[in-house]
Amino acid sequence: MSEPATITDANTPGGMLEGDLVRRARHGDLKAYDELVKRYQERIYATIYHMTSNHEDANDLAQDAFIKAFQALKSFKGGSSFYTWLYRIAVNKTINFLKTRKNKYNLSLNDLDFNAENDKDLVALISDKTPLRDASLSELQKKLNEALLRLSEPHRMVMVLHDVQGMSHEEIADIVGCNIGTVRSRLFYARQEMQGHLSEYIK
Amino acid sequence: MKESQDNFDELKRLLKLKRHEVPPPGYFNHFSDSVISRLQAGEGQKESAVERLNESAPWLASLLHIFEARPGVIGAFATCLCLLLVLGAVFTGHSDATPDGLMTYDSGVGSMPGNPITSLASSTLAAPGEASGIVASTNPVVSLQPSPSMFGQQNQLFQNASFAVGR
């Protein structure tokens, strides 16, 4: 059975390739940039949100990151993909913000979607394995975010990008600007520390 | 640091919960509009001083962050700075003082003791014969004796200057 062909119009921003959109946005075409924002808004927002555990901060930072990227488009040489370059801007902005944030544990968590309650792994985690059997998913969510905030920013960033967002070590190394060995090592120590913080929910 | 040796499966399963955290419904429908309207308002052209500092001198920015986060550090830093200034002033004062007995020549005629310029001038005026020898001067430049030339021709580079003053 053949897959249905996707109809794309190369003349509309929605059907354009990333390179063309970047080229047009560089010349000030806001429609093209709007399309780029739409393509990456969810991933950029999610990364920042998981780093800050605060929806309002993530909203502001994600918008700032896109604005900053538009400003800097002229300096984008195309050495890496636009996506990696954009991520780098968002990551740097978030880390700078976290350094200055007064209240580290200012949580403003998003709601869990409907699928969370049907996730077998998560249900099993709160019903069988933990000593706190009556723990709800939202309690677990709060504990998880608090534990994440206790990690250092570089460790948290690597953990969010790898374990939450599912990026490869190579991609993370490119975004964060370090070598793969450093990514692996940070990930290991981050997991070890997280395991310590969440010991009552794990095992 | 082998990943397989440490069982992180439970943790990874727990971290899956993060993927279910979603912003309010319809949030992304207006996100790009907000960005574009901010860009149209010209906000994209402005860059804050903090951002510029973060890019141009990250070390200075992180120092400021430390000061901001821990006010006690500012106090300690200021105290150290003051201490250094005071110590610097004290040691400078010591090094400026002339040790006793170093400058002993005193012609006694209008010269200030210890001042090589006035002492040289007064010694020249008071005892011309003595000045030709300039042995008494403590000025190292003046006390240099002309060295004899290797070829027996002394000071050929110096010529007598003749001034013809026309009236």
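Calculation rules
Residues numbered from 1 in each chain as written. Chains lettered and ligands numbered in written order. Predicted model: local features only at pLDDT ≥ 70, side-chain atom pairs only at ≥ 80, totals over all residues. Heavy atoms only, no water. pLDDT = per-residue confidence, 0-100. Contact = heavy atoms within 4.5 Å. Core = buried A, V, L, I, M, F, W, Y, C linked by side-chain atoms within 4.5 Å. Buried < 20%, exposed > 50% of the residue type's maximum accessible area, 1.4 Å probe, protein only. Helix = DSSP H or I, 4+ residues; strand = E, 2+ residues; numbered from the N terminus. Phe/Tyr/Trp six-rings, centres within 6.5 Å; stacked < 30°, edge-to-face > 60°.

1. Looking at the confidence of the model for chain A
Reading fine detail from the predicted coordinates is not recommended where pLDDT is low. Taken residue by residue, chain A gives an average pLDDT of 86. The fraction at 70 or more is 88%. Long-range and interchain partners of residues 1-7 of chain A, a stretch whose pLDDT sits below 50, account for zero contacts in this model, where long-range means more than four residues apart.

2. Quick notes on the nonpolar core
In terms of nonpolar packing, the biggest core is built from 49 residues, with Tyr33, Ile44, Phe66 and Phe82 of chain A touching the most fellow members. Of all the elements in the fold, those that place two or more residues in this core are helix 1 (18-26), helix 2 (30-52), helix 3 (55-71), helix 4 (82-100), helix 8 (153-164), helix 9 (169-176) and helix 10 (180-197) of chain A together with helix 2 (27-40) of chain B. The leading source of residues in this core is helix 2 of chain A, at ten residues. Those residues within four positions of Phe66 of chain A in sequence are excluded, and the remaining contacts are Tyr33, Val37, Tyr40, Gln41, Ile44 and Leu86 of chain A together with Phe31 and Val35 of chain B. Formed by 22 residues, the second largest nonpolar core is a distinct cluster that contains Ala116, Ala147 and Met159 of chain A together with Phe8 of chain B.

3. Details of the packing of aromatic side chains
Per the counting criterion, the structure on display carries 16 aromatic pairs over all chains. A centroid spacing of 5.1 Å and a plane angle of 50 degrees characterise the contact between Tyr45 of chain A and Tyr27 of chain B, whose relative ring orientation is tilted. Of the two residues, Tyr45 of chain A sits in helix 2 while Tyr27 of chain B sits in helix 2, which places them in two different chains. Both residues of the pair, Tyr45 of chain A and Tyr27 of chain B, count as buried. Consider the rings of Phe188 of chain A and Tyr189 of chain A, whose centres lie 5.3 Å apart with planes at 80 degrees: the pair is edge-to-face. On the accessibility criterion, Tyr189 of chain A (42% relative accessible area) is partly exposed. Every member of this aromatic cluster is reached through a ring pair, and the members are Tyr40, Phe76, Phe82, Tyr83, Trp85 and Tyr87 of chain A.

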